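Okay, here's what each chain looks like letter by letter:
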Amino acid sequence: EYAFSPDGKTIVFNARIAGKSEPWSTNLDLYSVAADGSSAPKNLTADNLAWDNGPVFSHDGKTFYYRAMKRARFEAYRFVVSAMDLATGAKHEINAAWDRSADSLTLSADGKSLYTVTDDVGSHAIFAIDTNTGAARKLAGNGTVSGFDIVGNQLVFARSTLTSPAQLFSANAEGG
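Everything numeric in this text was worked out from a predicted model, so none of it was measured. The residue count restarts for each chain, going from 1 along the sequence in the order it is written. Confidence filtering applies because this is a predicted model: local features only for residues at pLDDT of at least 70, side-chain atom pairs given and counted only at 80 or more, and all residues used for totals across whole chains, interfaces and linings. Hydrogens and water molecules were not included; the side-chain quantities draw on all heavy atoms of the structure.

## Some points on the pairing of strand 5 (residues 52-57)
Put simply, the rule is: Any residue under 20% of the maximum accessible area for its type is buried, any over 50% is exposed, and the rest in between are partly exposed; the area is computed with a 1.4 Å probe on protein chains only. In this description a helix means any DSSP run of H or I spanning at least four residues, a strand means any run of E spanning at least two, and both kinds are numbered starting from the N terminus. Strand pairing is assigned whenever DSSP identifies at least 2 bridges connecting the two strands.
Within strand 5, six of the six residues are buried, leaving the element largely enclosed by the surrounding structure. As judged from the four bridges shared by strand 5 and strand 6 (residues 63-68), these two strands associate in the antiparallel manner. By the bridge assignment for strand 6, Asn-53 is matched with Arg-67. Taking the residues that link successive antiparallel strands as the turn, the strand 5-strand 6 hairpin has five residues, and the phi of Gly-61 there is positive, at about 75 degrees.

Given below as structure tokens:
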């Protein structure tokens, strides 16, 4: 998985470099590299010995968000949502109190929310996670949301239930 910085000068990607322990390793790290190839990749998440992936840059390019597991060699562990300040390298978990495992992340147009789908009490729902507080709000569920996209304040998603095949729905980004 990879992401280009908003200015197009940097790429953050994930890779597993485990040598002879490759077959047993679940340690994927996120690396940063100049898009023009003028620098060697720099490991941004070497301190986490478990899986790091799904980088998403903030619109100003100063922060990137990603999903991380905390327990090495246990692929069923949940993905937490983390943020890294690219100037200082400081990292923090955004949603420590949330007990769900985030799937791929999409940043809102205003940069205040990250959208993801995850399993939730027998459904597979869309959540919005506040990038400052980590508060997660369920936007749509009651079935299986198999995909979504957001443009501006408009959310479009495909949802199926036990009594209906996948259908497309539209809502505002706040869930209304």
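The rest of the description comes next.
## Quick word on the pattern of salt bridges
To keep things clear, this is the line we draw: Put simply, a salt bridge is a Lys or Arg side-chain nitrogen that is within 4 Å of an Asp or Glu carboxyl oxygen.
What the rule picks out here adds up to five salt bridges. Here Asp-47 and Lys-91 are joined by a salt bridge, their closest N and O atoms 2.6 Å apart. Remark: Lys-91 occurs in strand 8 (residues 91-93) and Asp-47 occurs in the loop between strand 4 (42-43) and strand 5; sequence separation between them is 44 residues. Judged by its relative accessible area of 59%, Asp-47 falls in the exposed class. Relative accessible area serves as the criterion here: at 31%, Lys-91 is assigned to the partly exposed category.

## So, the sheet that holds strand 4
Reading across from one edge, 1-2-3-4 is the order of the four strands in this open sheet, with antiparallel pairing throughout. A single partner strand is all that each edge strand has here, and the edge strands are strand 1 (2-4) and strand 4. The pairing of strand 3 (residues 29-34) with strand 4 spans two bridges and is classified as antiparallel. For Ser-32, the partnering residue across the bridge sits in strand 4 and is Lys-42.

## Considerations on the nonpolar core
Keep this limit in mind: What makes a nonpolar core is a set of buried Ala, Val, Leu, Ile, Met, Phe, Trp, Tyr and Cys residues whose side-chain atoms join them at distances within 4.5 Å. The contact rule is simple, with two residues in contact once any of their heavy atoms fall within 4.5 Å.
Tyr-65, Val-81, Ile-94, Leu-105 and Leu-114 are the most contacted members of the largest nonpolar core, which has 13 residues in total. Elements with a minimum of two residues in this core: strand 7 (80-85) and strand 11 (123-130). Element by element, the count of residues in this core is highest for strand 11, at three residues. Setting aside residues no more than four positions away along its own chain, Leu-114 makes contact with Tyr-65, Val-81, Ile-94, Leu-105, Thr-106, Leu-107, Phe-127, Ala-128, Ile-129 and Thr-131. Grouped together as the second largest cluster of nonpolar side chains are twelve residues, Tyr-115, Ile-126, Ala-128 and Ile-150 included.

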